[in-house]
Amino acid sequence: MKGSIIIVSFFILGVILSYSDWIPQSVIENDITIYILYLLMFFVGISVGSDRTVFSAVKQQGFKIFILPIGTIIGTLAGSAITGLLYGGRSLTDCLAVASGFGYYSLSSIFITEFKGAELGTVALVSNVLREIITLLFAPLLAYYFGKLAPISSGGATTMDTTLPIITKVSGKEFIVISVFHGIIVDFSVPFLVTFFCTL
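Residues numbered from 1 in each chain as written. Predicted model: local features only at pLDDT ≥ 70, side-chain atom pairs only at ≥ 80, totals over all residues. Heavy atoms only, no water.

Caption draft 1: The arrangement of the side chain of Ser 189 in detail. If you trace the backbone, Ser 189 turns up in helix α11 (residues 176-198). Aside from chain neighbours lying at most four places away, what touches Ser 189 is Ile 73 and Phe 102. (Helix = DSSP H or I, 4+ residues; strand = E, 2+ residues; numbered from the N terminus. Contact = heavy atoms within 4.5 Å.)

What follows is the structure in structure tokens.
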């Protein structure tokens, strides 16, 4: 939990510094975060490559490795549909479009803004950012109460990048490949599902 709080604290600090105009405009325009993400993935690759037991986890799972991302997609959409029906403020397709971001807030919010307008695009942004933050904060509790795959499912599309460090910490190195694979599959589904629900 301490590690999650530190991560979120740095996020909040970044928001405050940027909002206060303390971050040079050149840093914002050049999107330095993508290069930091590349560096993070490089070190994750080193960690995976140096631990031979990681790949045995995938072999042990076999085709079952596809169950987790499919379960994440179906569970998220089902939960969103139920919430949408109970809330009643938005159409079912709007709720499903927002849920189809699976934590990939940058892409999904852009798509939804183009198709449905800035209001729903903002809802998608906030919803998907919250999914990532909840995973960062509560990954230890999710792993403890629901099993080591729970933080991966909670992270959605973010499990191959931003939430991977905390997932690795709470679930173990043997789940790195499963987490990355899960993130890739869920990530790949985002543009198709968001577009599909936005056009219904």
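Caption draft 2: Structural context of a nonpolar patch on the surface. Among the surface-exposed residues, Leu 125, Val 126, Leu 130, Ile 134, Phe 138, Leu 141, Tyr 144, Tyr 145 and Phe 146 lie close enough to one another that they form a single nonpolar patch of about 970 Å² accessible area. A residue is classified by how much of its surface remains accessible, and Val 126, at 44% relative accessible area, is partly exposed. (Patch = residues over 30% accessible without salt bridge, like charges linked within 9 Å, V, L, I, M, F, W, Y side chains within 5 Å. Areas by Shrake-Rupley, 256 points an atom, 1.4 Å probe, with all protein chains shown as cover. Salt bridge = Lys/Arg side-chain N within 4 Å of Asp/Glu carboxyl O. Buried < 20%, exposed > 50% of the residue type's maximum accessible area, 1.4 Å probe, protein only.)

Caption draft 3: Fine view of helix α8 (residues 118-146). In this model α8 runs just 36 Å from its N-terminal to its C-terminal C-alpha over 29 residues, more than 12% under the 42 Å that 1.5 Å per residue would give. Where α8 bends most, at Phe 138, the angle is about 70 degrees, and the proline Pro 140 comes one to four residues later. Residue Gly 147 follows α8 closely and has a positive phi angle near 105 degrees. (Expected span 1.5 Å × (residues − 1). Bend = angle between axes of the 7 residues up to and from the residue.)

Caption draft 4: Geometry of the nonpolar core. Counting residues in each nonpolar core, the largest one holds 17 residues, and the members touching the most others are Leu 77, Phe 102 and Ile 112. Contributing elements (two or more residues each) for this core: α5 (67-87), α6 (92-99), α8 and α11. Sorting elements by how many residues they give to this core places α11 first, with five residues. Within the second largest apolar cluster, nine residues are counted, among which are Leu 136, Ala 139, Ile 166 and Ile 167. (Core = buried A, V, L, I, M, F, W, Y, C linked by side-chain atoms within 4.5 Å.)

Caption draft 5: Region of the structure containing helix α10 (residues 164-171). Taken as a whole, α10 has its buried residues at Leu 164, Ile 166, Ile 167 and Ser 171. All buried residues of α10 project into a common sector of 160 degrees when viewed along the axis, lining one side. At the C-terminal side of α10, Gly 172 shows a positive phi close to 110 degrees. (Arc of directions from axis to C-beta.)

Caption draft 6: Up close: the packing of helix α7 (residues 105-116) against α8. In the contact formed by α7 and α8, the axes pass within 7 Å of each other and the chain directions differ by 165 degrees. On the basis of the axis angle, α7 is roughly antiparallel to α8. Relative to α8, the crossing made by α7 is right-handed. Along its contact with α7, which presents Tyr 105, Ser 108, Ser 109, Ile 112, Thr 113 and Lys 116, the element α8 presents Ala 118, Leu 120, Gly 121, Ala 124, Leu 125, Asn 128, Val 129 and Glu 132. The residue inventory of the contact of α7 with α8, partitioned by class, reads seven nonpolar, five polar and two charged. (Axes fitted to C-alpha atoms, helices over the stretch in contact; angles between N-to-C directions. Parallel < 35°, antiparallel > 145°, perpendicular 65-115°, else oblique. Left-handed = near helix turned anticlockwise from the far one by under 90°. Nonpolar A, V, L, I, M, F, W, Y, C, P; charged D, E, K, R; others polar.)

Caption draft 7: A look at the packing of aromatic side chains. Taken as a whole and judged by the stated rule, the model has four aromatic pairs. For the pair Phe 196 and Phe 197, a centre-to-centre distance of 5.2 Å together with 65 degrees between the ring planes defines the contact as edge-to-face. (Phe/Tyr/Trp six-rings, centres within 6.5 Å; stacked < 30°, edge-to-face > 60°.)

Caption draft 8: Looking closely at the pattern of salt bridges. The tally for this structure, following the rule as stated, stands at three salt bridges. Between Asp 94 and Lys 116 there is a salt bridge, and its shortest N-O distance comes to 3.3 Å. With a gap of 22 residues between them, Asp 94 in helix α6 and Lys 116 in helix α7 connect regions that are remote in the sequence. The exposure class of Asp 94 is buried, given its relative accessible area of 9%. Looking at Lys 116, the relative accessible area reads 33%, which means it is partly exposed. Overlapping salt bridges bring together Arg 90, Asp 94, Lys 116 and Glu 119 as one network.

Caption draft 9: Molecular detail of the confidence of the model for the chain. Here the chain shows a mean pLDDT of 84. Residues at 70 or above account for 86%. Mean pLDDT across the secondary structure elements of the chain bottoms out at helix α4 (residues 53-61), with 68, and peaks at helix α9 (residues 150-155), with 96. (pLDDT = per-residue confidence, 0-100.)

Caption draft 10: Spotlight on the side chain of Asn 128. Locating Asn 128 in the fold gives a position in helix α8. Given the relative accessible area of 2%, Asn 128 is considered buried. Among the polar contacts made by the side chain of Asn 128, one reaches the main-chain amide nitrogen of Gly 103 at a distance of 2.7 Å. Within the structure, Asn 128 has its side chain in polar contact with the backbone oxygen of Ala 124 (distance 2.7 Å). Beyond its immediate chain neighbours, meaning those up to four positions away, Asn 128 contacts Val 98, Gly 101, Phe 102, Gly 103, Tyr 104, Tyr 105 and Ser 108. (Polar contact = N/O pair within 3.5 Å; in protein donor to acceptor, adjacent residues only side chain to side chain.)

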